[in-house]
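Fold and geometry: a report
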Amino acid sequence: MHSYKELTAIFEKKFIASSPFPLSPATLYEPCRYLLGLGGKRVRPILCLMSNELFGEINEDAWNSAFAIELFHNFTLIHDDIMDKAPLRRGSPTIHAKYGFTAGILCGDIMNIYSYDKLANIENFLPQVMQLFNKTAIEVCEGQQLDMDFETRNDVSIAQYIHMITLKTSVLLACSLKLGAIVAGAMGDNANKLYAFGKNLGIAFQLQDDYLDAFGKPDKLGKQKGGDIKANKKTYLLLKALENANGSQHKELEERLQSDDENKIPDVLSLFAAIGADTECRQAVEHYSKSAFDCLEQIAVPAARKQPLFELAQYLLQRDN
């Protein structure tokens, strides 16, 4: 069994060597190479490979699945950055900021197409792979649209928020794990438990991200603390605070959300703490984390083979940056 660090190093070499992008036209493919060159944690493809290795040696179909997943994930990042008008990705200019919006749109499109080209190389269980991959791709788009819809809505519930982050973030983690199992020939309960593990892991990860944006240490965040608050983003913390606030707290919170002065972030953080939204957010992280680990425990393979997945999940959920 390989550790996350070991598999990441192997994946990077294979991923670079298998790069599908030709040299011409450079205006189309150079932005693609630029983004992939920025690196990243590669969590999703590594989850696919770890899942595959639960049932034997990593096979070629798993590598092609992992390549497809990483290309698809980066495609979503390109278009998300355009929709969010984000200037930076992984500390460097986003594709649209560096090359222009037309390049960003086309680069995202071509990267998505090449993800399916990688899937076309899969020799076994291709119908099952395509069905899951297509379902996931649709759900990710639905989640992104809901996230954008929520920006102009004032009636978003906690349940609706959980549904949105499940689609936008969690289902791709779940898909990565289940694809690894499918191409290993592990159908049925084991594959479904891996999917549930990834789904709950993804929800816990996003809720942890919500918490850290507000209450994390700025020197470890690598970004401005309270960015979500400044943008009035509807996170679990804000929705829970609005749900639980008494009359005066609700009025004060609404007033602070409409302001844009230097006291906005500390004032909203104080309200979150007074209302107990911070505690409830951490409890929600613990709830979904436990659900994830319970699913991992139920997968019918020796515990030692599950250890790399367990350690990676712990790493993702115990981060403080």
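First things first, this report covers the structure right here in the doc. From a predicted model like this one, the values you see are computed outputs, not experimental measurements.

Some thoughts on the overall build of the protein
From N to C terminus, the protein includes 16 helices and two strands. Against the globule reference of 20 Å for 321 residues, the protein gives a C-alpha radius of gyration of 20 Å, in line with a compact fold. With the C-alpha coordinates of the protein rotated into their principal frame, the extents come out at 60 × 50 × 35 Å. Among the 321 residues that make up the protein, the fraction classed as buried is 53%. Here the contacts in the protein between residues at least 6 apart in sequence split such that 74% fall between residues at least 24 apart. Accessible surface, the protein as shown: approximately 14,800 Å² in total, 52% of it carbon and sulfur. Averaging the coordinates of the 34 positive side-chain charges in the protein and doing the same for the 41 negative ones gives two points 3 Å apart.

Topic: the nonpolar core
One finds L49, M111, F197, L207, F272 and L309 to be the most contacted residues of the largest nonpolar core, which totals 101 residues. Among the elements that make up this core, the one with the highest residue count is helix 8 (residues 158-182) (14 residues). Apart from residues lying up to four places away in sequence, L49 is in contact with L7, F11, I58, A62, W63 and A66.

Notes on the packing of aromatic side chains
With the rule as written, the count across this model stands at 14 aromatic pairs. Among the aromatic residues, those joined into a ring-pair cluster are F11, F15, W63 and F67. K178 extends its terminal NZ or CZ atom over the ring of Y195, reaching a point 5.7 Å from the ring centre. The ring of Y211 has R282 lying over it, and the distance from NZ or CZ to the ring centre is 4.7 Å.

Structural notes on the side chain of N190
When you line up the elements, N190 lands in helix 9 (residues 189-215). Residues in contact with N190, not counting those within four places in the same chain, are F55, I299 and A300.

Details of the packing of helix 2 (residues 26-37) against helix 6 (residues 101-119)
The geometry of helix 2 relative to helix 6 is characterised by a closest axis approach of 9 Å and an angle of 75° between their N-to-C directions. For the element pair helix 2 / helix 6, the angle class is roughly perpendicular. Only A103, L106, C107, I110, M111 and Y114 of helix 6 make contact with helix 2, whose side of the interface consists of T27, L28, Y29, P31, C32, L35 and L36.

A look at empty space enclosed by the protein
Counting across every chain of the model gives two cavities of 30 Å³ or more. In this structure, the largest cavity encloses a volume near 70 Å³. Taken together, 13 residues line the largest cavity, and the ones lying closest to its centre are D228, I229, K233, T235 and F272. Breaking the lining of the largest cavity down by element, the ones donating at least two residues are helix 9, helix 11 (227-230), helix 12 (236-244) and helix 14 (264-275). Of the residues forming the lining of the largest cavity, the biggest block, three residues, is contributed by helix 9. Classifying every residue of the lining of the largest cavity by side-chain character gives seven nonpolar, two polar and four charged.

Considering the packing of helix 3 (residues 43-53) against helix 16 (residues 303-317)
It is the contact of helix 3 with helix 16, at a shortest axis distance of 9 Å, that shows an interaxial angle of 160°. Classed by the angle they form, the pair helix 3 and helix 16 counts as roughly antiparallel. The crossing of helix 3 and helix 16 is left-handed. Here V43, L47, M50 and E53 of helix 3 come into contact with helix 16, specifically with R305, P308, L309, L312 and L316. Among the residues forming the contact of helix 3 with helix 16, the class breakdown is seven nonpolar, no polar and two charged.

Here is what the cut-offs are and how they apply
Residues numbered from 1 in each chain as written. Predicted model: local features only at pLDDT ≥ 70, side-chain atom pairs only at ≥ 80, totals over all residues. Heavy atoms only, no water. Helix = DSSP H or I, 4+ residues; strand = E, 2+ residues; numbered from the N terminus. Rg over C-alpha atoms; globule rule 2.2 N^0.38 Å. Buried < 20%, exposed > 50% of the residue type's maximum accessible area, 1.4 Å probe, protein only. Contact = heavy atoms within 4.5 Å. Areas by Shrake-Rupley, 256 points an atom, 1.4 Å probe, with all protein chains shown as cover. Lys, Arg positive; Asp, Glu negative; His and termini not counted. Charge placed at Lys NZ, Arg CZ, Asp CG, Glu CD. Core = buried A, V, L, I, M, F, W, Y, C linked by side-chain atoms within 4.5 Å. Phe/Tyr/Trp six-rings, centres within 6.5 Å; stacked < 30°, edge-to-face > 60°. Lys NZ or Arg CZ within 6 Å of the ring centre and 35° of its normal. Axes fitted to C-alpha atoms, helices over the stretch in contact; angles between N-to-C directions. Parallel < 35°, antiparallel > 145°, perpendicular 65-115°, else oblique. 1 Å grid on protein atoms, 1.4 Å probe; cavity = no way out; pocket = protein on both sides within 12 Å on 5 of 7 lines; lining within 4 Å. Points joined across faces, edges and corners; volume = space filled by probe spheres on them. Nonpolar A, V, L, I, M, F, W, Y, C, P; charged D, E, K, R; others polar. Left-handed = near helix turned anticlockwise from the far one by under 90°.

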